[in-house]
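# A closer look at the structure
Chain by chain, the residues run as shown.
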Amino acid sequence: MIVTQTLPAALAAKVATTTIPIVFVIGEDPVEVGLVHTLNRPGGNITGLSNFMNLLGAKRLELLAETVPNANTFALLVNPHNPNAQPDTKSLQAAAQTLGRRIEVLRAASERELETAFAVIEQQRLGALYVNIDSFFTAHADQIVALAARDSVPASYPLRHFVAAGGLMSYDANFADAFRRAGIYAARILKGEKPADLPVLQPTRFQLAINLKTAKTLGLSVPDKLLALADEVIE
């Protein structure tokens, strides 16, 4: 049994074996990225759960726009080595156009490139930052949040983890629930069920987290309707 987190890990596992059962937890569409044939009948030796974070992108961008209404241009931070970079950029650019906003794409895959990206944000006076989901960004959450605080950049993050570290806001599926459900699938497979017969699971719970302390530091007034919608408000 192989259980993976993140898309690159799932793709690597699929390349490595066609016989050992694989259970993945990813944020992308597993059909679109080639992990499974269909959601209902994955086929082969792989199944799991997708939080479809890419489909939440437009909503995340909308929430950021409501929180920072004067921001006409957003910075989009992506990891160019992640397979989600190109499709997510395309869908977010379309979402930004619908909102009457523009997106400047910044790429980073190292600590030095993160510093460079924030320098561009400051130089071009970009109004807000959208951090795409990526394991490198998650591992460097403290650095990214610290850079955003240093430069007074309002930012939307892919996971609550960033908000707990001092980031402004996040909107995501409940990953704790996702891992629990993936664990149940792993147990069922170990008891004899086949991955090909287990449909890819989708999220049932989403969560909006807002750090009011950070908002006040940035001089932002979070709309009452967003505070009412928030599952967690950190004060």
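Here the structure is shown first, and the text comes after it.
Quick summary incoming for the structure in this document.

A volume near 310 Å³ is recorded for the largest pocket. What lines the largest pocket is a set of 21 residues, and nearest its centre among them are Gln5, Ile133, Thr138, Leu159 and Phe175. Mapped onto the lining of the largest pocket, the elements with two or more residues apiece are α1 (7–16), β2 (22–26), α5 (135–139), α7 (160–164), β8 (169–173) and α8 (175–190). Considered as a void within the structure, the second largest pocket measures approximately 160 Å³ in volume. Around the second largest pocket, the lining is made up of 13 residues, and of these Ala148, Ala149, Gly166, Thr214 and Leu218 lie nearest the centre. Only α6 (141–150), β7 (155–157) and α9 (212–218) provide two or more residues apiece to the lining of the second largest pocket.

With that out of the way, let us pick up the pairing of β8. Counting buried residues in β8 gives 5 out of 5 residues, a clear majority hidden from the surface. Covered by surrounding structure in β8 are Met169, Tyr171 and Ala173 together with Ser170 and Asp172, the residues of both alternating faces. Bridge analysis of β7 against β8 gives 2 bridges, and the strand direction is parallel. Bridge pairing in β8 links Tyr157 to Ser170. Across 5 bridges, β8 lies against strand β9 (residues 206–211) in antiparallel orientation. Looking at the pairing, Asp172 lines up with Gln207 of β9.

A few words on the packing of aromatic side chains. The geometry of two aromatic rings is summed up by the distance between their centres and the angle between their planes. Applying the stated criterion to the full structure yields 3 aromatic pairs. For the pair Tyr171 and Phe206, a centre-to-centre distance of 6.3 Å together with 20° between the ring planes defines the contact as stacked. Here the residue Tyr171 occupies a position in strand β8, and Phe206 occupies one in strand β9, the gap between them amounting to 35 residues. For Tyr171, a relative accessible area of 17% corresponds to the buried category. If you follow Arg60 out to its NZ or CZ, it ends over the ring of Tyr130, 3.8 Å from the centre.

Pairing of strand β1 (residues 2–5) with β2 involves 4 bridges; the strand directions are parallel. Bridging across to β2, Ile2 finds its partner in Ile22. Handedness of the crossover joining β1 and β2 through α1 is recorded here as right-handed.

Our next topic: the pattern of salt bridges. Under the criterion given, the structure shown has 9 salt bridges. The partner of Asp197 in a salt bridge is Arg41, and the shortest N-O contact between them spans 3.6 Å. One end of the pair, Asp197, is in the loop between α8 and β9; the other, Arg41, is in the loop between β2 and β3 (46–50), with 156 residues separating them in the sequence. You can call Asp197 partly exposed: its relative accessible area is 42%. One salt bridge connects Arg180 with Asp177, and the closest N-O pair in it is separated by 2.8 Å. Taken together, the positions of Arg180 and Asp177, both in helix α8 and 3 residues apart, correspond to about one turn of that helix. Assessed through its relative accessible area of 47%, Arg180 is described here as partly exposed. A relative accessible area of 10% places Asp177 in the buried class. Residues participating in the shared-partner salt-bridge network are Glu115, Arg150 and Asp151.

Definitions and limits used
- Residues numbered from 1 in each chain as written.
- Predicted model: local features only at pLDDT ≥ 70, side-chain atom pairs only at ≥ 80, totals over all residues.
- Heavy atoms only, no water.
- 1 Å grid on protein atoms, 1.4 Å probe; cavity = no way out; pocket = protein on both sides within 12 Å on 5 of 7 lines; lining within 4 Å.
- Points joined across faces, edges and corners; volume = space filled by probe spheres on them.
- Helix = DSSP H or I, 4+ residues; strand = E, 2+ residues; numbered from the N terminus.
- Buried < 20%, exposed > 50% of the residue type's maximum accessible area, 1.4 Å probe, protein only.
- Pairing = 2+ DSSP bridges.
- Phe/Tyr/Trp six-rings, centres within 6.5 Å; stacked < 30°, edge-to-face > 60°.
- Lys NZ or Arg CZ within 6 Å of the ring centre and 35° of its normal.
- Right-handed = clockwise from strand over helix to strand, strands pointing away.
- Salt bridge = Lys/Arg side-chain N within 4 Å of Asp/Glu carboxyl O.

These results come straight from atomic positions and should not be treated as a statement about function.
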